[in-house]
Amino acid sequence: MREKEKRELLELYELKKEEIQNRLLEFKQAFQEADDRQIFRELSFCILSSGVGPKIAGQCMSAIGEKLADGEEDELLERIGAIHKYAENASRYIVFTREYLKKEHGFLLKSLVSSFEDRVERREFFAKNPGIKGLGYMQASHFLRNLGFSGYAILDRNNLASLSELGVIGETKYPLTKKRYLETESLMAEAAHELGISLDELDLLLWSRKRKYVPR
């Protein structure tokens, strides 16, 4: 990382440090208090955010409401069709994933997420499982980070742009393959180490650098 950008980022971190650390603690506490339905809401939010971002995903979650638990594809589509750019796919993914989790795991999501001792295997399960649609590495990382699990980079367009501007990576093109995603995540982890902060802190710091606030 270039020295000028490193100093600027560390100055921003000092301003945001308390808020960032509090937010990461909130994620961990929320998971401890969550039940299986709340965890599925988080999973569905991450499915919905793909391609449209968290603001639209939040609007869709509000529109879906109680139908998240048992609504069919057409019912979900009716509620988010005017909101989500990819509403048909999103509705199908949520219902497919919900039914898979019920059939194969008894919908015991909290126990399921907690059952992995290895963080790599935990993300692989959600990113590459054919029974879980609409995540991939970025959204699986988003989901797990929001549950308080550490060590995952959320490589959305804003973070990629920041990493490029800071000289950490050379391009902002989204890393579509697993190999490219993990390579970029490794470079981001090295940058975090250089700054003396965690990968999770850097993730929220880069978000706030572009969006001017620390996400919830």
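Model, not experiment: these values are computed from the prediction.

The rules we used
Residues numbered from 1 in each chain as written. Predicted model: local features only at pLDDT ≥ 70, side-chain atom pairs only at ≥ 80, totals over all residues. Heavy atoms only, no water. Patch = residues over 30% accessible without salt bridge, like charges linked within 9 Å, V, L, I, M, F, W, Y side chains within 5 Å. Areas by Shrake-Rupley, 256 points an atom, 1.4 Å probe, with all protein chains shown as cover. Salt bridge = Lys/Arg side-chain N within 4 Å of Asp/Glu carboxyl O. Lys, Arg positive; Asp, Glu negative; His and termini not counted. Charge placed at Lys NZ, Arg CZ, Asp CG, Glu CD. Helix = DSSP H or I, 4+ residues; strand = E, 2+ residues; numbered from the N terminus. Buried < 20%, exposed > 50% of the residue type's maximum accessible area, 1.4 Å probe, protein only. Axes fitted to C-alpha atoms, helices over the stretch in contact; angles between N-to-C directions. Parallel < 35°, antiparallel > 145°, perpendicular 65-115°, else oblique. Left-handed = near helix turned anticlockwise from the far one by under 90°. Contact = heavy atoms within 4.5 Å. Expected span 1.5 Å × (residues − 1). Phe/Tyr/Trp six-rings, centres within 6.5 Å; stacked < 30°, edge-to-face > 60°. Lys NZ or Arg CZ within 6 Å of the ring centre and 35° of its normal.

Here the focus is a negative patch on the surface. A surface patch of negative charge is lined by Asp70, Glu72, Glu73, Asp74, Glu78 and Glu88. For the negative patch, the leading source of residues is helix H4 (residues 73-80), giving three residues. Relative to the assigned elements, glutamate 73 resides in helix H4. Glutamate 73 gets classed as partly exposed once you look at its relative accessible area, which sits at 37%.

So, on to the packing of helix H2 (residues 36-49) against helix H5 (residues 87-105). Contact pair H2 / H5: the axes reach a minimum separation of 10 Å and the direction vectors enclose 150°. One finds that H2 runs roughly antiparallel with respect to H5. H2 and H5 meet at a crossing whose hand is right-handed. The segment H2 lies against H5, with Phe40, Leu43, Ser44, Ile47 and Leu48 engaging Ala90, Tyr93, Ile94, Thr97, Arg98 and Leu101.

A separate point is H5. In a regular helix each residue adds 1.5 Å, so 19 residues correspond to 27 Å; H5 covers 26 Å between its end C-alpha atoms and thus fits that length. Three or more residues of H5 are buried, namely Ala87, Ala90, Ser91, Ile94, Val95, Thr97, Arg98, Tyr100 and Leu101. On its buried face, H5 sits against H2, helix H3 (54-64), H4, helix H6 (109-114) and helix H7 (119-128). Of the residues trailing H5, glycine 106 is marked for its positive phi of about 60°.

Time to look at the pattern of salt bridges. This structure, assessed with the given rule, holds 13 salt bridges. We note a salt bridge from glutamate 185 to arginine 123, for which the minimum N-O separation is 2.7 Å. Note that glutamate 185 is positioned in helix H10 (residues 178-195) and arginine 123 in helix H7, a separation of 62 residues in sequence. Just as glutamate 185 is buried, arginine 123 falls in that class too. The partner of lysine 178 in a salt bridge is glutamate 124, and the shortest N-O contact between them spans 3.3 Å. Highlighted residues: lysine 178 in helix H10 and glutamate 124 in helix H7, separated in sequence by 54 residues. Residue lysine 178 is classed as partly exposed on the basis of its relative accessible area, which comes to 37%. The exposure class of glutamate 124 is partly exposed, given its relative accessible area of 23%.

Further remarks concern the packing of aromatic side chains. Aromatic rings in a pair are described by how distant their centres are and how their planes are angled relative to each other. In this structure the tally under the stated criterion is six aromatic pairs. The interplanar angle of 65° and the centroid separation of 5.4 Å between the aromatic rings of phenylalanine 31 and phenylalanine 149 together place this pair among those described as edge-to-face. Linking phenylalanine 31 in helix H1 (residues 3-33) with phenylalanine 149 in the loop between helix H8 (136-146) and helix H9 (157-165), this pair joins segments that are 118 residues apart in sequence. Under the relative-accessibility criterion, phenylalanine 31 is labelled buried at 11%. One cation-aromatic arrangement involves lysine 110 over phenylalanine 31; the distance from NZ or CZ to the ring centre is 5.6 Å. Between lysine 133 and the ring centre of phenylalanine 96, over which it is positioned, the NZ or CZ distance is 5.2 Å.

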